[in-house]
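The chain contents come next:
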Amino acid sequence: MSPLPPGLLREELQDIEPYGAPQLDVPVLLNVNENPYPPSSTVVADIERAVTAAARDLNRYPDREFVALREALAAYLGHGIGPGQVWAANGSNEVMLHLLQAFGGPGRTALSFAPTYSMYPEYARDTHTGWEVGHRDEDFTLDPERAVALVRERRPHVVLLPSPNNPTGTALPHHVVGALCEVLDGGVLIVDEAYAEFRRVGTPSALELLPAHPNLVVTRTMSKAFALAGARVGYLAAAPEICDALRVVRLPYHLSAVTQAVARAALAHAEELLGAVDRLRVERDETVEWLRAQGFEVADSDANFVLFGTFADRHAVWQGMLDRGVLIRETGPDGWLRVSIGTPVEMAAFREALTSVTSQTKEVGR
Ligand SMILES: *Cc1c(COP(=O)(O)O)cnc(C)c1O
């Protein structure tokens, strides 16, 4: 392939590698926080029926306002949320892009606190939104006073905060979310709850704060707890005025009839699909305990992954794991690695591979 003529591509996109974890063919995939349990044959049969019904009308454009899906999502969320307070798109990644298209843009800024999800600066870049980063504390929590002070100083239009945070697994307490909403006068706070269903008992959801804060947006996804990453369905809950604003920037008919049908069929089986979540939470807590018992440093996790370390050469450990058929993720602050929670068999393979790799490389946790 010959390179593009100079000046053809937007300057800020030159020499940029596309985002994405390696998609490798290995036996144990623990790198992108997928749910390891596929939908049951009952769920698959219902999805099949729903897609067949949708196929009969594929000559027509889908319901642009995806009313039935919004109703189903609102019912799932509870907390008194109505369909007019729900928005959905092709993955919460697209939901986030819609939010930045509407509330970010040229001359505006978005802010987050590192270490955090590496896609956020990309949404900012792609929407010509300025990008600012604050920092989390050593234990990956967010100091409310420092966070509020930074927001007061920089006056961002959008603040992006995952809870639980990726890649650290750290959830946000209510008082931090509330304080940021208050100080964000003229801006929106997006709490990215992609992993909310995995949170530990006693960890709150920002959904509870929606009635008190009209500038709060809570995003969710069907990719993780719902085991539906392949369907690409993300959504949010917020004030109806915020959802209305997103209708202006979305592409026409952005959510295909097939996607809407699949999502609704899956939501009808929410209880069953979420059944694996409890098993994964137990497996997560056991993984944290095991890693700590081996002497590793481990971040407390409310998600379906665990960040652990620290390694003088984390790439060597990552590669050693891969050589043993276990793919984990090289992400987060230097020296740390992230493992997604899989089935008991997969986690046994993870433990065995890590023990073998660290004994050979003489890498030990601090
Ligand atoms: C996985 C993940 C998402 C979900 O992305 P989808 O586009 O819905 O698959 C969103 N935010 C964070 C922080 C994630 O880790």
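Residues numbered from 1 in each chain as written. Predicted model: local features only at pLDDT ≥ 70, side-chain atom pairs only at ≥ 80, totals over all residues. Heavy atoms only, no water.

(A) Quick look at the site of the ligand. Surveying the vicinity of the ligand reveals the residues Gly91, Ser92, Asn93, Tyr117, Asn166, Asp192, Ala194, Tyr195, Thr221, Ser223, Lys224 and Arg232. Asn93 has a polar side-chain atom sitting 2.8 Å from an oxygen atom of the ligand. One of the side-chain N or O atoms of Asn166 is found 2.7 Å from an oxygen atom in the ligand. For the ligand, whose free accessible area comes to 390 Å², the fraction covered by protein is 94%. A majority-of-atoms criterion places the ligand in the largest pocket. Grouping the amino acids of the shell around the ligand by side-chain chemistry returns three nonpolar, six polar and three charged. (Near = heavy atom within 4 Å. Polar contact = N/O pair within 3.5 Å; in protein donor to acceptor, adjacent residues only side chain to side chain. Areas by Shrake-Rupley, 256 points an atom, 1.4 Å probe, with all protein chains shown as cover. 1 Å grid on protein atoms, 1.4 Å probe; cavity = no way out; pocket = protein on both sides within 12 Å on 5 of 7 lines; lining within 4 Å. Sits in = over half its atoms within 2 Å of the grid points. Nonpolar A, V, L, I, M, F, W, Y, C, P; charged D, E, K, R; others polar.)

(B) Local environment of the sheet that holds strand β7 (residues 216-221). Reading across the sheet, the seven strands line up as β2-β8-β7-β6-β5-β3-β4 and stay open at both edges, with mixed pairing between neighbours. Strand pairing shows two members of the sheet lacking a second neighbour, β2 (86-89) and β4 (130-135), which therefore form its edges. Averaged over all pairs of adjacent strands, the angle between strand axes in this sheet comes to 25°, irrespective of strand direction. Across four bridges, the pairing between β2 and strand β8 (residues 234-237) is antiparallel. The residue of β8 that forms the bridge with Ala89 is Gly234. Those strands touched by helix α2 (residues 67-77) are β2, β7 and β8, and its axis lies near 115° from that of β2. (Pairing = 2+ DSSP bridges. Helix = DSSP H or I, 4+ residues; strand = E, 2+ residues; numbered from the N terminus. Axes fitted to C-alpha atoms, helices over the stretch in contact; angles between N-to-C directions. Contact = heavy atoms within 4.5 Å.)

(C) Region of the structure containing the sheet that holds strand β10 (residues 305-309). Overall, antiparallel pairing links the three strands, which are arranged β9-β10-β12 in an open sheet. Only two strands of the sheet have a single neighbouring strand rather than two, namely β9 (297-298) and β12 (337-340).

(D) Quick peek at the packing of aromatic side chains. In total, this model carries 12 aromatic pairs according to the counting rule given. Taking 6.0 Å as the distance between ring centres and 75° as the angle between the ring planes, the aromatic pair formed by Phe296 and Phe308 counts as edge-to-face. Pair noted here: Phe296 is in the loop between α10 (275-293) and β9 and Phe308 is in strand β10, with a separation of 12 residues, a long-range link. We classify Phe296 as buried; its relative accessible area is 8%. Judged by its relative accessible area of 0%, Phe308 is buried. Between the aromatic rings of Phe308 and Phe350, the centroid separation amounts to 5.8 Å while the plane-to-plane angle is 80°, which identifies the pairing as edge-to-face. Of the two residues, Phe308 sits in strand β10 while Phe350 sits in helix α12 (residues 344-361), which places them 42 residues apart along the sequence. Note on Phe350: relative accessible area 0%, which makes it buried. An aromatic cluster is defined as three or more aromatic residues linked by ring pairs; in this entry it consists of Trp290, Phe296, Phe308, Phe311 and Phe350. Here Arg279 stacks its cationic end above the ring of Tyr37, 4.4 Å away from the centre of that ring. (Phe/Tyr/Trp six-rings, centres within 6.5 Å; stacked < 30°, edge-to-face > 60°. Buried < 20%, exposed > 50% of the residue type's maximum accessible area, 1.4 Å probe, protein only. Lys NZ or Arg CZ within 6 Å of the ring centre and 35° of its normal.)

(E) Representation of the domain arrangement of the protein within the structure. What the domain assignment reports for the protein is domain 1 (21-39 + 274-361) and domain 2 (41-268). Each of domain 1 and domain 2 has a C-alpha centre, and these two points are 26 Å apart. Carbon and sulfur atoms make up 60% of the surface buried where domain 1 meets domain 2, a total of about 2,000 Å² over both sides. Of all residues in domain 1, the largest losses of buried area upon contact with domain 2 belong to Pro39, Leu274 and Asp302, amounting jointly to 33% of the total for that side. For the pair domain 1 and domain 2, the number of links is one salt bridge. For the salt bridge of Asp302 with Arg200, the shortest nitrogen-to-oxygen distance reads 3.2 Å. Summed over the shared surface of domain 1 and domain 2, the result is 10 residue pairs in polar contact (both at pLDDT 80 or more). Elements with a contribution of two residues or more to the side of domain 1 that touches domain 2: α10 and β10. (Domains from an automatic or database assignment. Buried area = accessible area lost by both parts, 1.4 Å probe. Salt bridge = Lys/Arg side-chain N within 4 Å of Asp/Glu carboxyl O.)

(F) Main features of the nonpolar core. Of all hydrophobic cores here, the largest spans 107 residues; its most connected members are Leu99, Leu180, Leu189, Phe308, Ile328 and Phe350. Shared between two domains, this core holds at least three residues of each, these being domain 1 (21-39 + 274-361) and domain 2 (41-268). Excluding anything up to four places from it in sequence, Leu189 contacts Val159, Leu161, Val177, Leu180, Cys181, Leu184, Asn215, Leu216 and Val217. (Core = buried A, V, L, I, M, F, W, Y, C linked by side-chain atoms within 4.5 Å.)

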